[in-house]
Amino acid sequence: MVCAETHPGLQQRFRVEDYDLAATLDSGQAFRWKHYAGSWTSVIGDRWVRLRQDNDDILAETALPNTDWTWLEDYLQLDVDLRQVLEELPTHPALNQAIAHHRGLRLLRQEPWECLISFILSSTKQIPHIKQIVEQLCLQLGDCAITPAGQPKAHCFPTASRIAALQEAELRAMRMGFRAPYILAAAEAIASGRLNLNDLKHVSLAEARATLMVLPGVGRKIADCVLLFSLGFTEAFPVDVWVMRALQSAWFPGKAMKLPALVAFSESHFGRYGGYAQQYLFHHARTASSRFQKKSPHEDQG
DNA sequence: GTCCAGGTTCACG
DNA sequence: CGTGAACATGGA
């Protein structure tokens with residue numbers, strides 16, 4: 001592998017505004033970023049990539065030269081005007097506080113297949129454990145990505161046909177538990193061509209959601225994660241336990257609400273960028289928790 | 001040991 | 001139709 005500096009296309013600098021790379025990559029929407037010495041490394045599609053933020057710049061390095069960086073600009077959603085997004089969200093003290101604490105947190109645009117499998121695996125699992133299972137899946141079944149000299153091995157996310165060829169027991173051996181048959185069924189649907197996730201980008205939210213929810217192990221919440229994090233439906237608003245508690249305590253104090261009622265509220269209340277509101281609420285709830293953030297157990301809320 | 005985790009499904013009244 | 005238990009596994 002040749003020295004990076006001598007080869008144009010191996011490095012790129014992107015000017016950004018209102019972008020918090022660390023919060024974005026570590027907010028529980030993507031599970032394959034590794035943080036080391038101020039840099040974030042992962043594999044997007046079949047491309048190894050390392051990112052670093054330096055104030056208003058994001059610096060990217062790849063293993064192979066790029067004539068076109070659209071794949072990364074799209075993944076990071078660099079063209080999104082966050083100010084405009086936030087202006088369209090409803091005003092509420094709890095939401096305002098979450099935004100104030102994590103200004104620059106963005107939504108990524110991930111590859112739908114990886115997103116679907118990752119979130120099927122996410123059900124009743126803590127984020128560190130989701131990361132662990134996804135990593136095992138890639139390690140054991142994913143192709144090796146090309147990495148720069150001196151870098152450790154990195155793997156692509158396994159293809160649907162690779163997973164579809166397995167037995168349920170082989171997936172259970174990767175500690176997926178009751179999610180193993182769900183993963184297998186999703187892989188078979190994709191590998192057979194019966195389901196094309198990219199087609200869902202061009203249908204209505206309701207139709208895309210209903211199509212995803214046909215898959216076993218995919219309910220409203222996981223479907224909304226896939227819609228929001230990979231298919232471009234920014235109004236999708238996944239309600240998990242954290243968001244449910246945030247909505248309950250801040251919007252309906254003293255009035256016990258059930259999950260379907262909170263989902264219905266979120267659908268009518270947060271508008272076409274509701275998914276951003278959801279991500280700020282989720283990330284803020286998690287980082288405010290003393291379990292997640294080892295330091296500073298005190299919360300600075302007014 | 002007990003409880004809970006970016007839920008969904010299935011059985012019961 | 002609404003509610004509660006079961007489902008695997010690991011960490012707090």
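Just so you know, these numbers come straight off a predicted model, no measurement behind them. (Residues numbered from 1 in each chain as written. Chains lettered and ligands numbered in written order. Predicted model: local features only at pLDDT ≥ 70, side-chain atom pairs only at ≥ 80, totals over all residues. Heavy atoms only, no water.)

### Points about the protein's contact with DNA strand B
- Surrounding DNA strand B, one finds 31 residues, the nearest of these being Gly-28, Gln-126, Ile-127, Gly-219 and Gln-278.
- The share of sugar and phosphate among atoms of DNA strand B within 4 Å of the protein is 58%.
- Interatomic distance of 3.0 Å between a backbone N/O atom of Ile-222 and a phosphate oxygen of DNA strand B.
- Those elements that place two or more of their residues in the surface near DNA strand B are helix H11 (220-229), helix H12 (241-251) and helix H14 (274-288).
- Split into classes, the residues belonging to the surface near DNA strand B amount to 14 nonpolar, 11 polar and six charged. (Near = heavy atom within 4 Å. Polar contact = N/O pair within 3.5 Å; in protein donor to acceptor, adjacent residues only side chain to side chain. Helix = DSSP H or I, 4+ residues; strand = E, 2+ residues; numbered from the N terminus. Nonpolar A, V, L, I, M, F, W, Y, C, P; charged D, E, K, R; others polar.)

### Description of the protein's contact with DNA strand C
- Around DNA strand C sit 11 residues, and of these Lys-125, His-129, Arg-172, Arg-179 and Lys-258 come closest.
- For DNA strand C, the backbone portion of the atoms within 4 Å of the protein, that is sugar and phosphate, comes to 72%.
- Note that a sugar or linking oxygen of DNA strand C is positioned 3.3 Å from one of the backbone N or O atoms of Phe-178.
- The contact in question runs from a base nitrogen of DNA strand C to an N or O atom on the side chain of Arg-179, over 3.5 Å.
- Tallied by class, residues from the surface near DNA strand C come to one nonpolar, four polar and six charged.

### Let's talk about the sheet that holds strand E4 (residues 47-54)
- Taken together, the five strands give an open sheet; going across it, the order is E1-E5-E4-E3-E2, and neighbouring strands pair in antiparallel fashion. Strands with a single pairing partner mark the edges of an open sheet, and in this sheet they are strand E1 (11-15) and strand E2 (34-36). Each strand axis lies, on average, 25 degrees off the axis of its neighbour in the sheet, ignoring direction.
- Where E4 and strand E5 (residues 57-62) come together, six bridges link them in antiparallel fashion. Its bridge partner being in E5, Val-49 is matched across the sheet by Thr-62. (Pairing = 2+ DSSP bridges. Axes fitted to C-alpha atoms, helices over the stretch in contact; angles between N-to-C directions.)

### Digging into the pairing of E4
- One ladder, built from five bridges, connects strand E3 (residues 39-44) with E4; its direction is antiparallel. When the sheet's bridge partners are listed, Ile-44 is paired in E4 with Arg-47.
- Taken together, E3 and the strand that follows it, E4, pair antiparallel across an intervening segment of two residues, in which Gly-45 is found at a positive phi of about 65 degrees.
- Where E4 folds back onto E5 in an antiparallel hairpin, the turn is made up of two residues, including Asn-55, whose phi is positive at roughly 55 degrees.

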